[in-house]
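Take a look at the letters that make up each chain.
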Amino acid sequence: HRFLWNIRVSNSSSQIHTELFKFIPHHRRLLFLLLLSVLFLFVFFHIRQTKQKEMQKAIAQVRLEDLKIAVGGSGKFMGTALFGSLTNETEKDISILTLSIRFLDEDGAISKTHDFFPINRYSKNEWNPLAPNSIRSFGFFIDHIVPENWSGLYEAEITKLIFL
């Protein structure tokens, strides 16, 4: 079997004869599966792109404010910590929020990235979702996380939301 089109033009009748027309009836199932696979991939990527756009729109509706690094304590523990607050301006309860912090070196290059979860339904501590139009303050010790070449500068970004 040849999979290439073999086009022959007859000089006398100018008719086009292709082997493709012989190939199609014998391999309908294969062609059907191929077309179905292409359709499935198209739908999958379209849904994925739509979900990513929805996520970015929702992330834009959560405000990250008062982000600072300072010395703080909790119970018996003292150390350097990342503090801030989140305001939920969406219409849904947030059950998980991922905050990505990029620690920068002296050249401004990313030395290390770490994900924090200021809202996490799987937390060992007492947990409540972040309701619409509410504010949550947070703090995380970072002494054990920061790289040795950290300049004290950082970048922060909310990278993921999961709603209740």
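Here, every reference points to the structure presented above.
Position numbers for residues count from 1 along each chain, tracking the sequence in the order it is written. Totals for whole chains, interfaces and linings use every residue, but because this is a predicted model, local features are given only for residues with pLDDT of at least 70 and side-chain atom pairs only at 80 or more, for both listing and counting. Excluding hydrogens and water, the side-chain values take into account all heavy atoms of the structure.

Draft legend 1. Focus on the sheet that holds strand E8 (residues 154-163). By this definition, two strands are paired if DSSP reports at least two bridges between them. Helix and strand assignments follow DSSP, with helices taken as H or I runs no shorter than four residues and strands as E runs no shorter than two, numbered in order from the N terminus. One open sheet accounts for three strands, arranged E6-E5-E8; its pairing is antiparallel. On the outer flanks of this sheet lie strand E6 (110-120) and E8, each paired with one strand and no other. Pairwise comparison of adjacent strand axes, ignoring direction, gives a mean angle of 20° for this sheet. Direction of pairing for strand E5 (residues 94-104) relative to E8: antiparallel, over a ladder of nine bridges. Looking at E8, one finds that Phe103 is bridged to Tyr154. Note on geometry: axes are C-alpha line fits, over the in-contact stretch for helices, and angles between N-to-C directions span 0 to 180 degrees.

Draft legend 2. Region of the structure containing the layout of surface pockets. Using protein atoms alone on a 1 Å grid, points that fit a 1.4 Å probe yet trap it form a cavity, whereas open point sets bounded by protein on both sides within 12 Å along at least five of seven lines form a pocket; residues with an atom within 4 Å of a point count as lining. Grid points are joined across faces, edges and corners, and a volume is the space filled by probe spheres set on the points. What the largest pocket holds in volume is close to 690 Å³. Elements supplying a minimum of two residues to the lining of the largest pocket: strand E3 (62-74), strand E4 (77-88), E6 and strand E7 (135-141). The element that contributes the greatest number of residues to the lining of the largest pocket is E6, accounting for seven residues. When residue character is reported, Ala, Val, Leu, Ile, Met, Phe, Trp, Tyr, Cys and Pro are called nonpolar, Asp, Glu, Lys and Arg charged, and the others, Gly included, polar. Taken together, the residues of the lining of the largest pocket sort by class into eleven nonpolar, eleven polar and four charged. There is about 280 Å³ of room inside the second largest pocket. In terms of lining, the second largest pocket is formed by Lys51, Glu54, Met55, Lys57, Ala58, Gln61, Thr90, Glu91, Lys92 and Phe163. No other element matches the five residues that helix H2 (residues 28-59) contributes to the lining of the second largest pocket. Considered class by class, the residues forming the lining of the second largest pocket number three nonpolar, two polar and five charged.

Draft legend 3. The pairing of E6, seen in detail. Relative to E6, E5 runs antiparallel, the two being bridged by eight bridges. By the bridge assignment, Ile101 is partnered in E6 with His114.

Draft legend 4. Geometry of the environment of Leu82. Residue placement: Leu82 occurs in strand E4. Taking the relative accessible area as the measure of exposure, Leu82 reaches 1% and is therefore buried. Separated by 60 residues in the primary sequence, Leu82 and Ile142 have C-alpha atoms spaced 6.7 Å apart. Aside from chain neighbours lying at most four places away, what touches Leu82 is Leu67, Lys68, Ile69, Ile101, Phe116, Phe138, Gly139, Phe140, Ile142 and Tyr154. Only protein chains enter the accessibility calculation, which uses a 1.4 Å probe. A residue is then buried if its area is under 20% of the maximum for its type, exposed if over 50%, and partly exposed in between. In this description, contact between two residues means that some pair of their heavy atoms is separated by no more than 4.5 Å.

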